[in-house]
Amino acid sequence: MTDWTHGYNIEQGYTYGVYRELAPDWMDVCAMLAGFAVPSEGAQGQLRYLELGCGQGFGLALIASAYPQIEFVGVDFSPEHIAHARGLAHAAGLDNVRFVEADFLDLARDWPPELGRFDYAVLHGIYSWVPPELRHAIVGCLGHALVSGGLAYVSYNSMPGWAAMQPFQHIAARLQTKSALPGAQVLNQAVSLFQRLKTGKAALFDALPGLGSRIDALQELSPAYLVQEYLHDNWHPLWFSEVAGEMRGAKLDFVASATLPENLLPAMLAEPMRTTVGEIADPMAQQDVIDCAINQSFRRDLLARGRRRRFAAAPGAADLIVEALARPAGDTVAIKTSFGEFTLKEQIYGPVFDALQDGPRRIAELLARDDHANVLQGLILLAHGGHVAILKEGVRDFAPAQRFNRACAGAVLTGAPYSYVAAPAIGSALALRDVDLMLIGLRDEGVARDALVPRLLESLDRLGRRLLRDGRPVEGDEAQRLATELVDDVIANRLPAWQRLGVVS
Ligand SMILES: C[S@@+](CC[C@H](N)C(=O)[O-])C[C@H]1O[C@@H](n2cnc3c(N)ncnc32)[C@H](O)[C@@H]1O
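About the thresholds
Residues numbered from 1 in each chain as written. Predicted model: local features only at pLDDT ≥ 70, side-chain atom pairs only at ≥ 80, totals over all residues. Heavy atoms only, no water. Axes fitted to C-alpha atoms, helices over the stretch in contact; angles between N-to-C directions. Helix = DSSP H or I, 4+ residues; strand = E, 2+ residues; numbered from the N terminus. Left-handed = near helix turned anticlockwise from the far one by under 90°. Contact = heavy atoms within 4.5 Å. Nonpolar A, V, L, I, M, F, W, Y, C, P; charged D, E, K, R; others polar. Pairing = 2+ DSSP bridges. Parallel < 35°, antiparallel > 145°, perpendicular 65-115°, else oblique. Expected span 1.5 Å × (residues − 1). Buried < 20%, exposed > 50% of the residue type's maximum accessible area, 1.4 Å probe, protein only. UniProt positions renumbered as here; feature names shortened; annotations may be inferred. Core = buried A, V, L, I, M, F, W, Y, C linked by side-chain atoms within 4.5 Å. Salt bridge = Lys/Arg side-chain N within 4 Å of Asp/Glu carboxyl O. Disulfide = S-S within 2.5 Å. Domains from an automatic or database assignment. Arc of directions from axis to C-beta.

K.L.:
What exactly am I supposed to notice about the packing of helix H2 (residues 58-66) against helix H17 (residues 399-413) here?
P.N.:
Helix packing for two helices is described by the angle between their axes and how far apart those axes are. For the pair H2 and H17, interaxial distance at closest approach is 7 Å and the crossing angle is 145°. Along this stretch, H2 crosses H17, giving a crossing that reads as left-handed. From H2, Phe 58, Ala 61, Leu 62, Ser 65 and Ala 66 reach across to H17, where they touch Pro 400, Ala 401, Phe 404 and Cys 408. Here the residues of the contact of H2 with H17 are counted per class, giving eight nonpolar, one polar and no charged.

K.L.:
Looking at this structure, how should I read the sheet that holds strand E7 (residues 298-305)?
P.N.:
What holds strands together in a sheet is hydrogen bonding between their backbones, with the strands either parallel or antiparallel. Spatially, seven strands are ordered E3-E2-E1-E4-E5-E7-E6 in an open sheet, and the strand pairing comes out mixed. Looking at the sheet topology across the chains shown, the edges are occupied by strand E3 (97-101) and strand E6 (252-257). Averaged over neighbouring strand pairs, the angle between their axes works out to 20° when direction is ignored. Here five bridges tie strand E4 (residues 118-123) to strand E5 (residues 146-157), and the two strands are oriented parallel to one another. Counted as the bridge partner of Val 122 is Tyr 153 from E5. Against the sheet, H2 makes contact with strand E1 (48-52), strand E2 (71-76) and E3, and its axis sits at roughly 175° relative to E2, the strand it touches most. Where helix H3 (residues 79-91) meets the sheet, its contacts fall on E2 and E3, and the angle it forms with E3 comes to roughly 165°.

K.L.:
Just to check I follow, could you spell out the packing of helix H7 (residues 183-199) against helix H10 (residues 223-230) for this structure?
P.N.:
Closest axis-to-axis distance for the H7/H10 pair is 9 Å, and the angle between their directions is 80°. When the axes of H7 and H10 are compared, the pair comes out roughly perpendicular. On H10, the residues that touch Gly 183, Ala 184 and Leu 187 of H7 are Pro 223, Leu 226, Val 227 and Tyr 230. Residues belonging to the contact of H7 with H10 are distributed by class as follows: six nonpolar, one polar and no charged.

K.L.:
Would you mind showing me how to read the environment of Leu 468 here?
P.N.:
Here Leu 468 is to be found in strand E15 (residues 468-469). C-alpha separation for the pair Leu 468 and Glu 41, spaced 427 residues apart in sequence, amounts to 50 Å.

K.L.:
Where do I start with helix H20 (residues 476-500) in this structure?
P.N.:
When the terminal C-alpha atoms of H20 are compared, their 35 Å separation across 25 residues agrees well with the 36 Å that a helix rising 1.5 Å per residue should span. Burial in H20 covers these residues: Ala 479, Leu 482, Ala 483, Leu 486, Val 487, Val 490, Leu 495 and Trp 498. Where the residues of H20 are buried, they touch strand E14 (428-431), helix H18 (434-444), helix H19 (452-462) and E15. Taken from the residues just after H20, Gly 502 is the one with a positive phi, measuring 80°.

K.L.:
Got a minute to help me understand the sheet that holds strand E12 (residues 388-391) in this structure?
P.N.:
Read from one edge of the open sheet, three strands run E11-E8-E12, paired in antiparallel fashion. In this open sheet, the two edge strands, each paired with only one partner strand, are strand E11 (361-362) and E12. Pairing of strand E8 (residues 321-324) with E12 involves four bridges; the strand directions are antiparallel. Considered in E12, the bridge of Ile 321 is made with Leu 391.

K.L.:
Can you walk me through the UniProt feature "domain: Methyltransferase" (unreviewed entry) in the protein chain in this structure?
P.N.:
UniProt feature "domain: Methyltransferase" (unreviewed entry): in the numbering of this structure it lies at residues 46-126. Overall, residues 46-126 shows 35% helix and 27% strand. The separation of its end C-alpha atoms is 28 Å.

K.L.:
Explain the environment of Gln 296 here, please?
P.N.:
Relative to the elements of secondary structure, Gln 296 occurs in the loop between helix H13 (283-294) and E7. By relative accessible area, which is 3% here, Gln 296 ends up buried. Remark: the alpha-carbon pair of Gln 296 and Met 159, spanning 137 residues in sequence, is separated by 6.5 Å. Excluding anything up to four places from it in sequence, Gln 296 contacts Ser 158, Met 159, Pro 160, Gly 161, Glu 262, Asp 291 and Ser 338.

K.L.:
In this structure, what is going on with the nonpolar core? I would like to understand it.
P.N.:
Side chains of a nonpolar character, in soluble globular proteins, are inclined to be buried together. Judged by nonpolar contacts, the single largest core of 116 residues is most densely connected at Tyr 49, Phe 72, Phe 99, Phe 404, Trp 498 and Val 503. Excluding residues within four positions of it along the chain, Phe 99 makes contact with Cys 54, Gly 57, Leu 60, Ala 61, Gly 74, Ile 82, Ala 85, Arg 86 and Ala 89. With 37 residues, the next largest nonpolar core counts Phe 104, Trp 111, Val 130 and Ala 250 among its residues.

K.L.:
Is there a simple way to explain the pattern of salt bridges in this structure?
P.N.:
If charged atoms from side chains of opposite charge come close, those side chains can pair. Going through the model one piece at a time under the given rule, you end up with 28 salt bridges. With a shortest N-O distance of 2.9 Å, Asp 216 and Lys 198 are connected by a salt bridge. Here the residue Asp 216 occupies a position in helix H9 (residues 211-218), and Lys 198 occupies one in helix H7, the gap between them amounting to 18 residues. Through salt bridges that share partners, Arg 433, Asp 436, Asp 489 and Arg 494 make up one connected network.

K.L.:
Where do I start with the side chain of Asn 405 in this structure?
P.N.:
By the element assignment, Asn 405 lies in helix H17. Asn 405 has contacts with Val 421, Ala 422 and Val 503, leaving out every residue within four places of it along the chain.

K.L.:
Is there a simple way to explain the state of the cysteines in this structure?
P.N.:
Counted by the stated rule, this structure contains zero disulfides. Not engaged in a disulfide, the cysteine Cys 54 finds its nearest cysteine sulfur in Cys 141; these two sulfurs lie 13 Å apart. Classification of Cys 141 by relative accessible area gives buried; the value is 0%.

K.L.:
Looking at this model, I keep getting lost on the domain arrangement of the protein chain. Mind explaining?
P.N.:
How big an interface is tends to be reported as the loss of accessible area on association of its parts. Each domain of the protein chain was delimited in the assignment, giving domain 1 (20-160 + 237-305), domain 2 (164-230), domain 3 (321-391) and domain 4 (399-500). Once you take the C-alpha centre of each, domain 2 and domain 3 turn out to be 39 Å apart.

K.L.:
How should I be thinking about H19 in this particular structure?
P.N.:
Turning to H19, its buried residues number three or more, namely Leu 452, Val 453, Leu 456, Ser 459 and Leu 460. The arc enclosing the buried residues of H19, seen along the axis, measures out at 130°, which places them on a common side. Of the surrounding elements, those touching the buried residues of H19 are H17, H18 and H20. Immediately downstream of H19, the backbone of Gly 464 shows phi near 70°, a positive value.

Below you can see the structure in the form of structure tokens.
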């Protein structure tokens, strides 16, 4: 056991994820929709952004490439993660992001002056997986890092949604401490043990009716994620009010949820729940009760150091820009949220997409057309579902994001497990298939249209991989036909959208 980990499981390097909620524009949009000012208002000089526990740095480097006007710093105590992050930033030629190997405990004790202060400070997937003294250190870091008016983002496994998984986590972590096996194998053992308990009708499954399906769902998730999720010495799902109370130590106050539709609560709860929740006067207790109403399991809280309400006539949510991404095909579209699925009718989204046909529009222009509350609620749900993007600023310099995408696509051709590209026009990321990234890489290498099919098949072959049709690997003529279909679809349908979003030139 190494001693620098404080019980944090570093057995497997972390995944190469990107979280759209960590993009500066996304955070600003959530704060503005909730009626609060954002860091750029009143900022002195260049905006600065810090990620505490940046993991492999893939997400931070991607966001940095889409926001060349902001300076980014990523901190993590894992040398493996920092080395990967630095290599990626270097390969992409990014000059606005750097990565620092450091421990939150040391930083909280002695904040290095050269790190400076930040307008945004974020941490994703950490706060409920570390011991209380590390949570205290993280709050210390946020206190040192954030400027007045700065925004913090903290996500965590929350109560009461994780109550049902507590027995599984406890047993998995116990098995791990008594075993010399790698974490992924211990987790397999724990999953099969719980499946046998379920088959044997263990009383636990009657008391926690959601447990069985959650155990079944574990089989679909990646071993790297599962090890990070469950095999920590520390695993503490937290109540909103606990986190909000701890964040007061850094002078932070809750502003909004970065899970967009949750800002529509409690108004979107069905009666009588809406009235029951609405009657609770204490805002902290009210959030906790909302979380009971929806059985909340993961929160993404935005907090401000110095919360500033907007003045009534100051520019605000109405000035945000809406851009169409994917018009729903049918007469209705279903949007899944943490509090149920909502169906939007064509009467709501149709006029919005008609108005966006010739390009992005300000929310004010869309609201002028119809009933405000309905349109705004519709826009928030559509943005959550990925059908529109809501942005604070418009077009940016696309060149750094395209350099980043080129570096990633080239790396995927050599086997890198990346599955996102930067989409600078919307200040965010797009999730792509590996074949999409490979085709972007081949196009960047200057491979001619006619040669894309054989070169794609060759590239897959070099990596010992096959194209899949309905999950089944295909060979020979069938592979040739499938590769031709893929390439035709990418050139005709996907490439124009990628170009519009600034993914490729
Ligand atoms: C669950 S991962 C999340 C990574 C990244 N934020 C993401 O969501 O992809 C948590 C990260 O925090 C880092 N970490 C944990 N404890 C730390 C500490 N005491 N100091 C610095 N980094 C730490 C780990 O190395 C890991 O990369």
